[in-house]
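A look at the structure
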Amino acid sequence: QVQVVQSGGGLVQPGGSLRLSCVAPGTIFGASTMAWYRQAPGEPRVWVATIQRTGTAVHANSLKDRFTISRDSAKNTLYLQMDSLKPEDTATYYCKFVSGMTEYWGQGTQVNVTS
């Protein structure tokens, strides 16, 4: 069973920063399109950003000035750098790897932005 492991969430004050990480096995990392999603309480899961196998990154328009998706292929790790955080960024964040027709999701990591 493929395990995708997330880390890096937590409690942060408005205006602060967090970096989320997501590690996947090398067998799927190199072959995958990778993405981040988030889900606020009572809301549907929504797309945040994607990075293609080519390295091309796309972010949700409402977040592109504050959030940055990146990857480190040597570490099989996907990142989401989140700056200037706002209370409305409070959510559970999920990473996703898509390899062929198969999706691999992380377990989710909670981000709470509050003073």
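Refer to the preceding data block for the structure.
These notes cover the structure that comes with them. (Residues numbered from 1 in each chain as written. Predicted model: local features only at pLDDT ≥ 70, side-chain atom pairs only at ≥ 80, totals over all residues. Heavy atoms only, no water.)

This paragraph deals with the overall build of the protein. Of the regular secondary structure elements, the protein holds 1 helix and 11 strands. Counting helices and strands in the order they occur from the N terminus, the protein gives β-β-β-α-β-β-β-β-β-β-β-β. Taken against the 2.2 N^0.38 rule, which gives 13 Å for 115 residues, the C-alpha radius of gyration of the protein at 13 Å falls within 12% of a compact globule. Projected onto its principal axes, the C-alpha positions of the protein cover 40 × 25 × 25 Å. When the 115 residues of the protein are sorted by exposure, 43% land in the buried category. For the protein, the exposed surface amounts to about 6,100 Å²; the carbon and sulfur share of it is 47%. Distance from the positive charge centre (10 side chains) to the negative charge centre (7 side chains) of the protein: 6 Å. (Helix = DSSP H or I, 4+ residues; strand = E, 2+ residues; numbered from the N terminus. Rg over C-alpha atoms; globule rule 2.2 N^0.38 Å. Buried < 20%, exposed > 50% of the residue type's maximum accessible area, 1.4 Å probe, protein only. Areas by Shrake-Rupley, 256 points an atom, 1.4 Å probe, with all protein chains shown as cover. Lys, Arg positive; Asp, Glu negative; His and termini not counted. Charge placed at Lys NZ, Arg CZ, Asp CG, Glu CD.)

Moving on to the environment of Q81. Structurally, Q81 is set in strand β8 (residues 77–82). When its relative accessible area of 25% is taken as the criterion, Q81 is described as partly exposed. Counting along the chain gives 80 residues from Q81 to Q1, while the straight-line C-alpha distance between them is 28 Å. For Q81, the contacting residues outside a window of four places in its chain are S17, L18, R19, R66, F67 and T68. Only 2.9 Å separates the side chain of Q81 from the side chain of D83, close enough to count as a polar contact. (Contact = heavy atoms within 4.5 Å. Polar contact = N/O pair within 3.5 Å; in protein donor to acceptor, adjacent residues only side chain to side chain.)

With that settled, consider the state of the cysteines. Under the definition given, this model contains 1 disulfide. Here C22 engages in a disulfide with C95; their sulfurs sit 1.8 Å apart. One disulfide, between C22 and C95, carries an S-S torsion of 40° and so falls in the right-handed class. Of this pair, C22 sits in strand β3 (residues 18–23) while C95 is found in strand β9 (residues 91–99), placing the two residues 73 residues apart along the sequence. For C95, a relative accessible area of 0% translates into the label buried. (Disulfide = S-S within 2.5 Å.)

Strand order in this open sheet of 4 strands is β1-β3-β8-β7, and the pairing throughout is antiparallel. One side of each edge strand has no neighbouring strand; the edge strands of this open sheet are β1 (5–7) and β7 (67–72). For this sheet, the mean inter-axis angle between neighbouring strands, taken without regard to orientation, is 15°. (Pairing = 2+ DSSP bridges. Axes fitted to C-alpha atoms, helices over the stretch in contact; angles between N-to-C directions.)

The next point concerns the pairing of β3. For β1 and β3, the ladder comprises 3 bridges, and the chain directions are antiparallel. Residue pairing in the sheet places S7 in a bridge with S21 of β3. As defined by bridge partners, β3 adjoins β8 across 6 bridges and the pair is classed as antiparallel. Note on β8: the bridge partner recorded for L20 is L80.

Now for the environment of A31. Within the fold, A31 resides in the loop between α1 (26–29) and β4 (33–39). Residues A31 and V98, 67 residues apart in the sequence, show an inter-C-alpha distance of 8.1 Å. Not counting residues up to four positions away in its chain, the partners in contact with A31 are R53, V98 and S99.

The analysis is restricted to geometry; functional conclusions fall outside its scope.
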